[in-house]
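Here are the chains, one letter per residue:
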Amino acid sequence: MAKPIKDTPVLRGRDAAVFIKKMEEVKPISKQEKDKQKEVYEQFKKIANFEL
Amino acid sequence: MSISELKLIRLEQNTEIKSFNSTDVDLNDFLFSDAKNYYSQLMAVTYLLEDKDKTVAYYSLLNDKITFEENQKGVRNRINRNIPFSKHMNYYPAMKIGRLVVSEEYSGKNIGSEILTFLKYLFTNNNRTGCRFIIVDAYNNERAIKFYQRNRFDFLTMEDEDKDTRLMYYDLMKN
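The text that follows walks through the structure, step by step, so that each part is easy to find. (Residues numbered from 1 in each chain as written. Chains lettered and ligands numbered in written order. Predicted model: local features only at pLDDT ≥ 70, side-chain atom pairs only at ≥ 80, totals over all residues. Heavy atoms only, no water.)

Counting its secondary structure elements, chain A contains two helices and zero strands. For a compact globule of 52 residues, the expected C-alpha radius of gyration is about 10 Å, and chain A comes in at 18 Å, more than 25% above that figure. The buried share of chain A, taken over its 52 residues, is 35%. As displayed, chain A has an accessible area near 3,600 Å², and 52% of this comes from carbon and sulfur atoms. Separation of charge centres in chain A, based on 13 positive and 9 negative side chains, amounts to 4 Å. (Helix = DSSP H or I, 4+ residues; strand = E, 2+ residues; numbered from the N terminus. Rg over C-alpha atoms; globule rule 2.2 N^0.38 Å. Buried < 20%, exposed > 50% of the residue type's maximum accessible area, 1.4 Å probe, protein only. Areas by Shrake-Rupley, 256 points an atom, 1.4 Å probe, with all protein chains shown as cover. Lys, Arg positive; Asp, Glu negative; His and termini not counted. Charge placed at Lys NZ, Arg CZ, Asp CG, Glu CD.)

Here it is in structure tokens:
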């Protein structure tokens, strides 16, 4: 039996502060990256045996 | 090798899992012993990338959330600033990657990054529920950590610095 999937802990103190700061300063990806994401998504969609 | 040469299978109870070669016993165990149990208990869904006769890679997904301590100073105000009518929200919905692994044979062919790219788009553009973050529990070794950092994941906490695995996250607002 494999190790269980680890729980995500409650964030507190410095961890929470750093997390919030990064969230507020989030930098959007470029249009090129967005286009790449869509291209990869379409490739996966084509090979999937289930509806996406 | 191109993704178009593979199949993406949603693992179900009757799915026959093709051979898979990882040097990590835990990752083999999870696929062959646990993945179907997680599925039958509605705890996680595993997806397989297959070629003609082998499992090339697999990943398992489950719902999760990032929660803040109730009295964390200022956090609730910050969270609620842009969410109308929310009163007591101290968490964000997230999706967790319970496992993500590429077989030894296909390692280094960018398949892991393509899976992450696909998931980032899927959970931003075609999601059935709200989801702000992708979380992953990464092996705490240079190769795995650098892989997720290259894919723009950050550490979630510094409390697991000396543990076997480290929680990392991707903010889907980047998309």
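This next bit is on the overall build of chain B. For chain B, the count of helices and strands is four helices and seven strands. Tracing chain B from N to C terminus, the helices and strands come up as β-α-β-β-α-β-α-β-α-β-β. By the burial criterion, 54% of the 175 residues in chain B qualify as buried. Looking at chain B alone, contacts between residues at least 24 apart form 64% of all its contacts between residues at least 6 apart. (Contact = heavy atoms within 4.5 Å.)

A few words on the packing of aromatic side chains. In this structure the tally under the stated criterion is 16 aromatic pairs over all chains. When the centroid spacing of 5.6 Å and the interplanar angle of 90° are considered together, the rings of Tyr-92 of chain B and Phe-133 of chain B count as edge-to-face. Here Phe-133 of chain B lies in strand S5 (residues 133-139) and Tyr-92 of chain B lies in strand S4 (residues 91-102), a separation of 41 residues in the sequence. Across the pair, Phe-133 of chain B and Tyr-92 of chain B agree in class, each one buried. Members of the aromatic cluster, connected to one another through ring pairs, are Phe-19 of chain A together with Phe-68, Tyr-92, Phe-133 and Tyr-169 of chain B. Note that Lys-65 of chain B overlies the ring of Tyr-91 of chain B, its terminal NZ or CZ placed 5.0 Å from the centroid. Above the plane of the ring of Tyr-170 of chain B lies Lys-120 of chain B, whose end atom (NZ or CZ) is 4.3 Å from the centre. (Phe/Tyr/Trp six-rings, centres within 6.5 Å; stacked < 30°, edge-to-face > 60°. Lys NZ or Arg CZ within 6 Å of the ring centre and 35° of its normal.)

Overall, the coordinates contain one cavity of 30 Å³ or more when judged by the stated rule. Empty space within the largest cavity amounts to approximately 50 Å³. If you trace the largest cavity, you find it lined by Pro-9, Val-10, Leu-11, Arg-12 and Asp-15 of chain A together with Thr-157 and Glu-159 of chain B. The residue inventory of the lining of the largest cavity, partitioned by class, reads three nonpolar, one polar and three charged. (1 Å grid on protein atoms, 1.4 Å probe; cavity = no way out; pocket = protein on both sides within 12 Å on 5 of 7 lines; lining within 4 Å. Points joined across faces, edges and corners; volume = space filled by probe spheres on them. Nonpolar A, V, L, I, M, F, W, Y, C, P; charged D, E, K, R; others polar.)

Residue and element names in this part refer to chain B. One number sums up the size of the largest pocket: a volume of about 940 Å³. Around the largest pocket sit 36 residues that line it, and Leu-27, Leu-100, Val-101, Tyr-139 and Ala-144 are the ones nearest its centre. Elements that contribute at least two residues to the lining of the largest pocket include exactly helix H1 (25-40), S4, helix H3 (111-125), S5 and helix H4 (142-150). Tallied by class, residues from the lining of the largest pocket come to 14 nonpolar, 10 polar and 12 charged. In this model, the second largest pocket occupies a volume close to 710 Å³. Lining the second largest pocket are 29 residues, with Tyr-47, Leu-61, Asn-63, Phe-123 and Asn-127 positioned closest to its centre. Only H1, strand S2 (45-50), strand S3 (55-67), S4 and H3 provide two or more residues apiece to the lining of the second largest pocket.

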